[in-house]
Amino acid sequence: MAEAETSQIRDHRPLSPHLQIYKPMLTMMMSIAHRITGAVLYFAMLLMVWWLIAAAAGPNPYARVQWFMGSWIGRLMLFGCTWALMHHLLGGIRHLIWDIGYGFGPSEREWLTRATLIGALVVTVLLWAFGYFVMGLA
Amino acid sequence: MSAPLRDTRTPLGRVRGLGSARSGTMHFWHQRLTSVAGLGLTVAFIVIVMSVMGRNHAAVVQILGSPVVVLLLLLFVFNTTYHMWLGMQVIIEDYVHHELSKLALLMLNTFFSIVVGLACSYALLKLSFGV
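Residues numbered from 1 in each chain as written. Chains lettered and ligands numbered in written order. Predicted model: local features only at pLDDT ≥ 70, side-chain atom pairs only at ≥ 80, totals over all residues.

Student: Could you give an account of the overall build of chain B, naming the residues involved and the relevant values?
Tutor: Of regular secondary structure, chain B possesses five helices and zero strands. N-terminal to C-terminal, the α/β element order of chain B is α-α-α-α-α. For chain B, the C-alpha radius of gyration of 21 Å lies well beyond 14 Å, the compact-globule estimate for 131 residues. Its C-alpha atoms put chain B at 75 × 30 × 25 Å along the principal axes. Burial analysis of chain B (131 residues in total) assigns 21% to the buried set. Considering only contacts in chain B between residues 6 or more positions apart, those separated by 24 or more positions represent 71%. (Helix = DSSP H or I, 4+ residues; strand = E, 2+ residues; numbered from the N terminus. Rg over C-alpha atoms; globule rule 2.2 N^0.38 Å. Buried ≥ 20, exposed ≤ 12 C-beta atoms within 10 Å, placed from the backbone. Contact = placed C-beta atoms within 7 Å.)

In structure tokens:
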């Protein structure tokens, strides 16, 4: 009997509809972007490994890292990583606010989402502007 | 037996009471814990990166090897590798439905996270102790 009951329940268990069922909304796109930026940063940690190992290994390996990071492709990658990190960080704050039960109102959730989207872009550009300023002083 | 299907759990699932994740809330909680810790540590990380940008190797070694910087970066590395290990696990569990591929990727995820964490930590300790 338990066997029959189990299979019957399995047959009737609801399936979660997949993404393409829903009309695209900003909050949903940002949730997906949160995942994608997280996955990108996961692999970006390899750059961190390279950087630290090279610094520990000596001047020549470190010069190679500096050459790569200074090249246009290196800068593009680092700029992308900076944006991904800021997007994931600000998106993370938004999710933490939602986790403790705030910011779920129709207008609140929209402006929170917009704020993190725009905030990440602004902070990224500011960080790079500041970075170039600091490099100019050094 | 055709009880109304309000409860969609299997009898075994009902007895275990653990939900679809097959475990308690520790995974969820640790994800949040490391995300809160990551806020401050990321700020520290950015400040440290800014302070070494464009400098030569000797200056970088001196900055990265100082105790406070090493401590902050070690905390950042531990926190980040644990956080990314948890996060990638969720992504794999959500999108990979072939059982064997899922197991293989979950293992790879663990290996990758440990190697990244250990490699960064080793480099930082070497910079710090200067051997």
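Student: Can you tell me about the overall build of chain A, naming the residues and giving the values?
Tutor: Along its length, chain A carries five helices and zero strands. For chain A, the α and β elements follow one another from N to C terminus as α-α-α-α-α. Counting contacts in chain A only where the partners sit at least 6 residues apart, residues at least 24 apart contribute 66% of the total.

Student: Can you tell me about the interface of chain A and chain B, naming the residues and giving the values?
Tutor: Every contact between the two is made by 33 residues of chain A and, on the other side, 31 residues of chain B. Those elements giving two or more residues to the side of chain A that touches chain B turn out to be α1 (2–12), α2 (26–57), α3 (59–70), α4 (72–99) and α5 (106–137) of chain A. Broken down by element, the residue count for the side of chain A that touches chain B peaks at 12 residues, all from α2(A). The class makeup of the residues in the side of chain A that touches chain B is 23 nonpolar, five polar and five charged. (Nonpolar A, V, L, I, M, F, W, Y, C, P; charged D, E, K, R; others polar.)

Student: Mind laying out α4(A), listing which residues take part and the relevant values?
Tutor: Between its first and last C-alpha atoms α4(A) spans 39 Å; for 28 residues at 1.5 Å apiece the expected length is 40 Å, and the two agree. Contact partners of the buried residues in α4(A): α2 and α5 of chain A together with α2 (26–52) of chain B. At the exit of α4(A) stands A:Gly101, carrying a positive phi of roughly 95°. (Expected span 1.5 Å × (residues − 1).)

Student: Account for the nonpolar core, with residues named and values stated.
Tutor: Residues A:Leu52, A:Ala55, B:Cys120, B:Ala123 and B:Leu127 are the most contacted members of the largest nonpolar core, which totals 35 residues. Counting only elements with at least two residues in this core, the list comes to α2, α3 and α4 of chain A together with α3 (57–64), α4 (67–95) and α5 (99–129) of chain B. When residues of this core are assigned to their parent elements, the largest contribution, nine residues, is made by α2(A). (Core = buried A, V, L, I, M, F, W, Y, C linked by C-beta atoms within 7 Å.)

Student: Talk me through the confidence of the model for chain B; I want residue IDs and the actual numbers.
Tutor: When pLDDT is averaged along chain B, the result is 90; 90% of the residues meet or exceed 70. Two summary scores accompany this predicted model of the complex, namely pTM at 0.86 and ipTM at 0.86. (pLDDT = per-residue confidence, 0-100.)

Student: Outline the environment of A:Ala115, supporting the account with residue identities and numerical values.
Tutor: Looking at where A:Ala115 falls in the secondary structure, it is placed in helix α5. Note: C-alpha distance between A:Ala115 and A:His95 (20 residues apart in sequence) is 13 Å.

Student: Lay out α2(A) with the relevant residues and their values.
Tutor: Counted at 1.5 Å a residue, the expected span for α2(A) with its 32 residues is 46 Å, and the 45 Å between its end C-alpha atoms agrees. Its maximal kink placed at A:Tyr42, α2(A) deviates by approximately 30°. Here α2(A) has its buried residues at A:Thr37, A:Gly38, A:Leu41, A:Tyr42, A:Met45, A:Met48, A:Trp51, A:Leu52, A:Ala54, A:Ala55 and A:Ala56. Buried positions along α2(A) lie against α3 and α4 of chain A together with α3, α4 and α5 of chain B. A:Gly58 sits one or two positions beyond α2(A) and adopts a positive phi of about 145°. (Bend = angle between axes of the 7 residues up to and from the residue.)

Student: Account for the packing of α4(B) against α5(B), naming residues and giving values.
Tutor: Residues and elements named next belong to chain B. Viewed as axis vectors pointing N to C, α4 and α5 meet at an angle of 175°, and their least axial separation amounts to 10 Å. Our classification of the angle between α4 and α5 gives roughly antiparallel. For the contact of α4 with α5, a count of residues per class yields 15 nonpolar, eight polar and one charged. (Axes fitted to C-alpha atoms, helices over the stretch in contact; angles between N-to-C directions. Parallel < 35°, antiparallel > 145°, perpendicular 65-115°, else oblique.)

Student: Explain the confidence of the model for chain A to me, using residue names and the numbers behind them.
Tutor: Looking at chain A as a whole, its pLDDT mean stands at 90, while 89% of the residues score no less than 70. The element-level mean pLDDT for chain A is lowest in α1(A), coming to 61, with α4(A) highest at 97.

Student: Could you give an account of the packing of α2(B) against α4(B), naming the residues involved and the relevant values?
Tutor: The geometry of a pair of packed helices is captured by two quantities: the angle between their axes and the separation between those axes. All names here are of chain B. Remark: α2 packs on α4, axes separated minimally by 8 Å, with the N-to-C direction vectors making an angle of 140°. One element, α2, and the other, α4, form an angle in the oblique class. The two elements α2 and α4 cross, and the hand of that crossing is left-handed. Residues His27, His30, Gln31, Thr34, Ser35, Ala37, Gly38, Leu41, Ala44, Phe45 and Ile48 of α2 lie in contact with α4, whose contacting residues are Val69, Leu72, Leu73, Leu75, Phe76, Asn79, Thr80, Tyr82, His83, Leu86 and Gly87. (Left-handed = near helix turned anticlockwise from the far one by under 90°.)

Student: Please set out the environment of A:Leu76 residue by residue, giving values where relevant.
Tutor: Topologically, A:Leu76 is positioned in helix α4. A sequence separation of 42 residues divides A:Leu76 from A:His34, and the C-alpha atoms of the two residues are 20 Å apart.

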